[in-house]
Amino acid sequence: RNVYANIKNAIKFLLSGNMSGILSVLYTSLFALPVPFQPVHLLFINLLTDSLPAIAIGMEPPRKDLLNQKPRDPKEPIMSKDFMLTLLVQGGLIGIFVMMAYHIGLSTGGAALASTMAFATLTLARLFHGFNCRGKESIFKIGLTTNKWTIAAFFAGVVLLAIVLFVPVMERLFEVAALTTAQIGLVCLLAVAPTI
């Protein structure tokens, strides 16, 4: 039961996060806006900041009441209607805040800043979202420290993002614009909002 739940939660994390990226690209394409992410941004998100939280979610320990729950229907698919709706809602919510960051960047510094703010917000929002995907209950009910792997994955992802944003060589490689302290604070606020 725990293995099945962890697999389902990891799938939820990966697909809802990818949904937010897809919706963001679709939005900018429909309105003929500059692209929100460079290909290297998406590679970074998918290879590094996605895989660590997904693995950590797979390490979630079993809940005490796991064996008190009713057995699941073996014919029920993982991708049920409720599950798909959850993916769409969570992905859409993250996408909205990513596009807010994008528009703030676009109005204050142009396409490069918009792309950087969208990339940083999406990356950080997905790292925060990893805590939401640990189970059906709130993180406060589950307990923040019951799975130390998720905390380690979060901080590893934040460090990797910081390297990309603040190390000059990586800035050029990842085609990111320099962010002010206020813009960094705004990115953090917009990234944590969907999780809350």
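Residues numbered from 1 in each chain as written. Predicted model: local features only at pLDDT ≥ 70, side-chain atom pairs only at ≥ 80, totals over all residues. Heavy atoms only, no water.

Caption draft 1: Inspection of the packing of helix H2 (residues 39-49) against helix H5 (residues 111-132) at higher detail. Close contact between H2 and H5 brings their axes to 11 Å; oriented N to C, the two are set at 15°. Accordingly, the angle class assigned to the pair H2 and H5 is roughly parallel. Remark: the crossing between H2 and H5 carries right-handed chirality. Across the interface between the two elements, His41, Phe44, Ile45, Asn46 and Thr49 of H2 pack against Ser115, Phe119, Leu122, Thr123, Arg126 and Leu127 of H5. Residues that form the contact of H2 with H5 fall into these classes: 5 nonpolar, 5 polar and 1 charged. (Axes fitted to C-alpha atoms, helices over the stretch in contact; angles between N-to-C directions. Helix = DSSP H or I, 4+ residues; strand = E, 2+ residues; numbered from the N terminus. Parallel < 35°, antiparallel > 145°, perpendicular 65-115°, else oblique. Left-handed = near helix turned anticlockwise from the far one by under 90°. Contact = heavy atoms within 4.5 Å. Nonpolar A, V, L, I, M, F, W, Y, C, P; charged D, E, K, R; others polar.)

Caption draft 2: Main features of the nonpolar core. Val98, Phe119 and Leu124 are the most contacted members of the largest nonpolar core, which totals 33 residues. Counting only elements with at least two residues in this core, the list comes to H2, helix H4 (81-109), H5, helix H7 (148-166) and helix H9 (181-192). It is H5 that provides the largest number of residues to this core, a total of 12 residues. Residues in contact with Leu124, not counting those within four places in the same chain, are Val158, Leu161, Val187, Cys188 and Ala191. Membership of the second largest hydrophobic core comes to 5 residues, among which are Phe13, Ala54, Ile57 and Cys133. (Core = buried A, V, L, I, M, F, W, Y, C linked by side-chain atoms within 4.5 Å. Buried < 20%, exposed > 50% of the residue type's maximum accessible area, 1.4 Å probe, protein only.)

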